[in-house]
There are 2 protein chains.
Amino acid sequence: MYTLTTYRSVPSFAIGFVRDLRVRWALEEAGLPYQLRLIEFDERHSPAYRQQQPFGQVPMLQDGDLSLFESGAILLHLGEKTPALLLDAPAARAHVHTWMFAALNTVEPHVLNLVSLLAFSSGEAWAKERRPALEETVLQRLRDLDAWLEGREYLAGGFSAADILMVTVLRLLGATDHVARFPHLKAYLDRCTARAAFKKALADQLALYAPKVANA
Amino acid sequence: MYTLTTYRSVPSFAIGFVRDLRVRWALEEAGLPYQLRLIEFDERHSPAYRQQQPFGQVPMLQDGDLSLFESGAILLHLGEKTPALLLDAPAARAHVHTWMFAALNTVEPHVLNLVSLLAFSSGEAWAKERRPALEETVLQRLRDLDAWLEGREYLAGGFSAADILMVTVLRLLGATDHVARFPHLKAYLDRCTARAAFKKALADQLALYAPKVANA
């Protein structure tokens, strides 16, 4: 049985976007059962938690004696246990690896820079000056992805762990119309988020947090 | 024989920091011979190159029929061919994966935000306003790393691919004194960059680019 660590509650802007979603989705694709270990949001700063997760982030995954963090590393680990993430197939694995790192190192940092600015700083003077450059970098990445996805259903052949990472990155842009400008990318995002495993994973995250918002 | 794709020449600020350094270092640690395939800097935008590397970046690695990009994915691939990167050892592999993603997704984006600001925008109004927050985020990550490295020689047990990635990220801060504020981190950086394989890899990158600077 896997144990997934995440927050007991989160600020409302984070609901539906907490990174445990990536691990939940992967576990659902693989049909692997798991239990939750819930920590308080402020507990991420505690010395005890930092011993397990030096940067005070979620998710973490425990598999017996093995304790892992970083969503990319957790998906690599799960990919060894199941064919569902395409990481057990030697021919495909290197390509899946490539696109996993592309999602997390080439695309996500730029998306997060823009999304954080829009969410937390859009009224500040520096943000007004800086926003066009951040937006152009994101649009260039989306343009590159759109070109790659022309004629392709998924990033690396069949559906894989790379799609889980890329789609959860692209979803962060939901408050903008940026993805919708690119037809292949938009179709890809819709195709992936229509999967039963994604819907189950998202519903489970929302079910954990949503009642607390209603009662807040 | 591996073929490593990188630029024939680069702007002077990039010399010693082009990401092919990560792959060169890994190949040197493993004692694996390789040849270079050099492309012009502007060729990264060409349709032919985008077919191979959708984002127009380096490095790429060819291993027979397999063509890979993303430095993290290339190191994973090389790690299957050699014990030198600790990726062939089941017990250590999951921890090395964790720290590879930590270097590229948790640390590097913040370091690059700060370093890019300092290198390209420090005179701009937005940069003066934004710099303290970027600096504090970087310092927090360095503080977390310093705590982790107390009593440890390397991130994940023995020297591994994760150290290659983290050290090449930390080196980007060379123009600041940030790393030097953290004694365990500074000792770690010095320990890793004292390795013969790092020195050879860096010397080879400098030898490729430096004469062109002198003649420019």
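Residues numbered from 1 in each chain as written. Chains lettered and ligands numbered in written order. Predicted model: local features only at pLDDT ≥ 70, side-chain atom pairs only at ≥ 80, totals over all residues. Heavy atoms only, no water.

Asker: Looking at this model, I keep getting lost on the relation of the copies chain A and chain B. Mind explaining?
Answerer: Applying a rotation about an axis and a shift along it to one chain copy brings it onto the other copy. Expressed as a screw transformation, the operator carrying chain A onto chain B has a rotation angle of 180° and an axial translation of 0.0 Å, and the superposed copies differ by an RMSD of 0.0 Å. One copy is carried onto the other by what is essentially a two-fold rotation axis. Proximity to the rotation axis, assessed at the C-alpha, singles out Trp126(A) in chain A; its C-alpha lies 2.0 Å from the axis. In this assembly the copies share their binding face: 100% of the residues contributing to the interface of chain A also contribute to that of chain B. (Least-squares fit on C-alpha atoms with pLDDT ≥ 70 in both. Contact = heavy atoms within 4.5 Å.)

Asker: Can you help me understand the pairing of strand 2 (residues 34–39) of chain B in this one?
Answerer: For a regular strand, side chains alternate in direction, first toward one face of the sheet and then toward the other. Residue and element names in this part refer to chain B. Bridging between strand 1 (residues 2–7) and strand 2 involves six bridges; their strand directions are parallel. Paired with threonine 5 across the strands is arginine 37, a residue of strand 2. The parallel pair strand 1 and strand 2 is bridged by helix 1 (residues 20–30), and the resulting crossover is right-handed. (Pairing = 2+ DSSP bridges. Helix = DSSP H or I, 4+ residues; strand = E, 2+ residues; numbered from the N terminus. Right-handed = clockwise from strand over helix to strand, strands pointing away.)

Asker: Would you explain the pattern of salt bridges in this entry?
Answerer: Note that side chains of opposite charge can pair when their charged atoms are close. Residue and element names in this part refer to chain B. Evaluated as defined, the whole model comprises 30 salt bridges over all chains. Where aspartate 177 meets arginine 181, a salt bridge forms, and the shortest distance between an N and an O atom there is 3.9 Å. A residue is classified by how much of its surface remains accessible, and aspartate 177, at 48% relative accessible area, is partly exposed. Since its relative accessible area comes to 46%, arginine 181 is described here as partly exposed. Residue aspartate 204 is joined to lysine 200 by a salt bridge in which the shortest nitrogen-to-oxygen separation is 2.7 Å. A residue pair is termed a helical-turn pair when its members lie 3 or 4 positions apart in one helix, as aspartate 204 and lysine 200 do in helix 8 (residues 196–215) at four residues. (Salt bridge = Lys/Arg side-chain N within 4 Å of Asp/Glu carboxyl O. Buried < 20%, exposed > 50% of the residue type's maximum accessible area, 1.4 Å probe, protein only.)

Asker: I'm lost on the packing of helix 5 (residues 125–149) of chain A against helix 7 (residues 183–193) of chain A in this one. Help?
Answerer: Residues and elements named next belong to chain A. Relative orientation of the contacting elements helix 5 and helix 7 amounts to 75°, with a least axis distance of 7 Å. In terms of orientation, helix 5 and helix 7 fall into the roughly perpendicular class. Residues Leu142, Leu145, Asp146 and Leu149 of helix 5 form the contact with helix 7, whose own contacting residues are Pro183, His184, Leu185 and Tyr188. Of the residues contributing to the contact of helix 5 with helix 7, the split by class is six nonpolar, one polar and one charged. (Axes fitted to C-alpha atoms, helices over the stretch in contact; angles between N-to-C directions. Parallel < 35°, antiparallel > 145°, perpendicular 65-115°, else oblique. Nonpolar A, V, L, I, M, F, W, Y, C, P; charged D, E, K, R; others polar.)

Such coordinate-based values are descriptive only and should not be taken to indicate function.
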